[in-house]
Amino acid sequence: MADTPLQRPVTRRRLLGTAGATGLALGVTGAAAGYTAAAPSETVTPLAEVGSRREMFHVKHQPGITTPLHARGHLIAFDLAPGAGRKEAAALLRRWSQTAARLMAGEPAPAGGHDTGIALDAGPSALTVTFGFGHSFFARTGLEKQRPAALDPLPEFSSDRLDARRSNGDLWVQIGADDALVAFHALRAVQKDAGQAARVRWQMDGFNRSPGATEKPMTTRNLMGQIDGTNNPAPSDEDFATRVRVPADGDPAWMAGGSYVVFRRIRMLLDDWEKLSVTGQEAVMGRRKADGAPLTGGTETTEPDLERVGKDGELVIPLNAHARITRPDQNGGAAMLRRPFSYHDGIDDEGVPDAGLLFLCWQADPLRGFVPVQRKLDRGDALSAFIRHEASGLYAVPGGAPKGGYVGQELLEG
Ligand SMILES: C=CC1=C(C)c2cc3[nH]c(cc4nc(cc5[nH]c(cc1n2)c(C)c5CCC(=O)O)C(CCC(=O)O)=C4C)c(C)c3C=C
Ligand SMILES: [Fe+2]
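Residues numbered from 1 in each chain as written. Chains lettered and ligands numbered in written order. Predicted model: local features only at pLDDT ≥ 70, side-chain atom pairs only at ≥ 80, totals over all residues.

1. What about the overall build of the protein chain?
The line we're drawing: Runs of E in the DSSP output that reach at least two residues are strands. Runs of H or I that reach at least four are helices, and both are numbered from the N terminus. As a rule, residues whose C-beta atom has 12 or fewer other C-beta atoms within 10 Å are exposed, those with 20 or more are buried, and those in between are partly exposed; C-beta atoms are placed from the backbone. Contacts are defined on C-beta atoms placed from the backbone: any two residues whose C-beta positions lie within 7 Å are in contact.
Looking only at helices and strands, one finds 11 helices and 9 strands in the protein chain. Taking all 414 residues of the protein chain together, 41% fall into the buried category. Sequence separation of 24 or more characterises 78% of the internal contacts of the protein chain that already satisfy a separation of 6 or more.

2. Examining the site of ligand 1
Which entries qualify depends on this criterion: Here, nearness is defined through the C-beta atom: a residue counts as near a molecule or strand if that backbone-placed atom lies within 6 Å of it.
The immediate surroundings of ligand 1 are formed by 26 residues, with Gln226, Thr230, Asn231, Thr326 and Gln374 found nearest. Going through the elements one at a time, strand S5 (259-268), helix H9 (322-325), strand S8 (353-363) and helix H10 (370-380) are the ones with two or more residues in the shell around ligand 1. Per-element tally for the shell around ligand 1: the top contributor is H10, with 4 residues.

3. Focus on the packing of helix H3 (residues 86-104) against helix H5 (residues 180-194)
The line we're drawing: With axes taken as lines fitted to C-alpha atoms, and helix axes fitted only over the stretch in contact, angles between N-to-C directions fall between 0 and 180 degrees. Put simply, angles under 35 degrees are roughly parallel, angles over 145 are roughly antiparallel, angles from 65 to 115 are roughly perpendicular, and the rest are oblique. Two helices cross in a left-handed way if the nearer one is turned anticlockwise from the farther one by less than a right angle. They cross in a right-handed way if the turn is clockwise. Residues were grouped as follows: Ala, Val, Leu, Ile, Met, Phe, Trp, Tyr, Cys and Pro as nonpolar; Asp, Glu, Lys and Arg as charged; and all remaining residues, including Gly, as polar.
Between H3 and H5, the least distance of the axes is 9 Å, while the angle of their chain directions is 160°. Here H3 is positioned roughly antiparallel relative to H5, judged by the angle of their axes. For H3 against H5, the interelement crossing comes out right-handed. Listed contacts from H5 to Leu92, Arg95, Trp96, Thr99 and Leu103 of H3 are His185, Ala186, Ala189, Val190, Asp193 and Ala194. Looking at the contact of H3 with H5 residue by residue, the classes come out as 7 nonpolar, 2 polar and 2 charged.

4. Let's talk about the nonpolar core
The condition that has to hold: Only buried Ala, Val, Leu, Ile, Met, Phe, Trp, Tyr and Cys residues enter a nonpolar core, and they are joined through C-beta atoms within 7 Å.
By size, the foremost hydrophobic cluster in this structure holds 89 residues, and its most contacted members are Val129, Ala186 and Val190. If near-sequence neighbours (up to four positions away) are discounted, Val190 is found in contact with Ile76, Trp96, Thr99, Val129, Val173 and Ile175.

5. Re the pairing of strand S3 (residues 171-177)
Counted only if it meets this: We treat two strands as partners when DSSP finds at least two bridges between them.
With 7 of 7 residues buried, S3 lies mostly within the body of the structure. Here S3 shows no split at all, with Leu171, Val173, Ile175 and Ala177 on one side and Trp172, Gln174 and Gly176 on the other all buried. Alignment of strand S2 (residues 128-134) against S3, held across 6 bridges, turns out to be antiparallel. By the bridge assignment for S3, Val129 is matched with Ile175.

6. Notes on the confidence of the model for the protein chain
This is how the line gets drawn: Looking at any residue, its pLDDT shows the predictor's confidence there, from 0 to 100.
With 88% of its residues at a pLDDT of 70 or more, the protein chain has an overall mean of 90. Of the regions scoring below 50 in pLDDT, residues 1-34 engages in 33 contacts with residues more than four places distant in sequence or in other chains.

7. Regarding H3
In plain terms, the rule: Expected helix span is given by 1.5 Å per residue-to-residue step, counting one fewer step than there are residues.
For H3, built from 19 residues, the straight-helix expectation of 27 Å at 1.5 Å per residue is met to within 8% by its first-to-last C-alpha distance of 26 Å. Taken together, the buried positions of H3 are occupied by Ala89, Leu92, Leu93, Arg95, Trp96, Ser97, Thr99, Ala100, Leu103 and Met104. Looking at the packing, one finds that the buried side of H3 touches strand S1 (72-80), S2, H5, strand S4 (198-207) and helix H11 (409-413). Positioned one or two residues after H3, Gly106 has a phi angle of 80°, which is positive.

8. Section: the environment of Thr128
Tracing the chain through its elements places Thr128 in strand S2. Taking the number of C-beta atoms within 10 Å as the measure of exposure, Thr128 has 24 and is therefore buried. Between the alpha carbons of Thr128 and Leu394 there is a distance of 19 Å; along the sequence they are 266 residues apart. Once residues within four sequence positions are removed from consideration, Thr128 is found in contact with Glu55, Pro63, Gly64, Thr67, Met104 and Gly176.

9. Considerations on helix H8 (residues 278-285)
This is how it is decided: The directions considered for the arc run from the helix axis to the C-beta atoms.
Among the residues making up H8, those that are buried are Gln281, Glu282, Val284 and Met285. The arc enclosing the buried residues of H8, seen along the axis, measures out at 155°, which places them on a common side. Seen from the open side of H8, the exposed residues pointing more than 90 degrees away from its buried face are Thr279 and Gly280. Those residues of H8 that are buried lie in contact with H9. Positive backbone phi, approximately 85°, marks Gly286, located one or two places after H8.

10. Notes on the pairing of S8
Of all 11 residues making up S8, 8 are buried, and the element is well covered by its neighbours. Where strand S6 (residues 337-338) lies against S8, 2 bridges are found, and the strand directions are antiparallel. Opposite Leu337, over in S8, you have Trp362 as the bridge partner. Sheet topology places strand S7 (residues 341-347) next to S8; 5 bridges connect them, and they run antiparallel. In the strand pairing of S8, Phe341 is matched with Leu358. Turn length for the S7-S8 hairpin, with the two strands adjacent in sequence and antiparallel, is 5 residues, and the turn residue Gly351 shows positive phi of about 85°.

11. Quick look at unusual backbone geometry
Between Asp251 and the following residue, Pro252, the backbone shows a cis peptide bond with an omega angle of -5°. Mapping Pro252 onto the fold places it in the loop between helix H6 (240-244) and S5. For Ser125, which is not a glycine, the phi torsion comes out positive at approximately 55°.

In structure tokens:
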């Protein structure tokens, strides 16, 4: 029997060439039929530019941590099903790893099965799938001795308004792609792979600016309109690895080369925020809204002058400005790699948007990254009047899987 298109092991990238050619041919037909061409052909952006970007799955550190921000993201947490233990978890991580490797290469999933077809015609679109383990995973699988101390529950913060049902979870998956259909395709595949072994605990969707939307590459903006992500550690920094990754001789051994991610669903009180003047908003942050430069001048990347006093005798960057109090030099060196998604989950009956930030930060140890900074923010951040932390999670994200292996293999088979 002839294969149906969905069953053939054809790469989506190969299909992309056909789609691009068809699109151009249709354009020509439209013009011939008397319609005005949308744009001169020499200004048409190649269709394959975004779709053809490919991230690798079998690499030393899991993808999706230092990968440039994705246009689209899904976060999904699972709890192991009653009766499922270490064996089922190992089989699930093996299935998930195989699926992630295939989808990230632009191939259908699962191997030998029926792909949903959602991502047909698109290339890999920089898809990444990243897997992590929550605190509760270890008791469920009898692996308590392997549970890292760094996974101890985060302290409670006075401003927390956390929803337990949308927090934590045994297993956590982050999906990112520069195309919404490619990302959703991966989400469905991950959910289907879970089968009887694990149940969805919570799931959230996010987004960032699309690649190519701005004239030149620039730091993204969040839903408050601020340039967000300027002072992130860069992989080229000397201390990047010590800040973000668990060292090769780290404890426990299965986390060597891995990282810990803190997740917070932070709602933005946009109606209140948008009532502030731009000057008021800039005082909250300590940076200019237009270009992200510190209020003491220069460009986005200029070091702020934290001591400078204005003509009114006040500090130019207020003592409670967010960008002042989050600095590593104000927090005993505490630093983290922030890699968030914005979210928007609709508008309520009063017209209030449920929108904000799926804040994700990566560090070698949350006690030397997120925790001290959040403690300080909790005590007196000018931004806190305009945000609300509504959900939280902390996950151990091991290093990448070698070819033929799966994420977490050392933990589950060690
Ligand atoms: C506990 C950690 C942090 C939380 C929670 C947090 C929430 C949050 N931040 C913004 C917007 C901006 N943050 C900026 C800088 C910044 N924020 C944190 C930490 C948390 N933010 C750090 C470590 C830094 C960098 C500090 C430094 O090294 O200078 C900025 C300024 C530009 C930038 O550097 O990215 C913005 C803007 C929002 C909107 C938010 C919650 C919704
Ligand atoms: Fe921040």
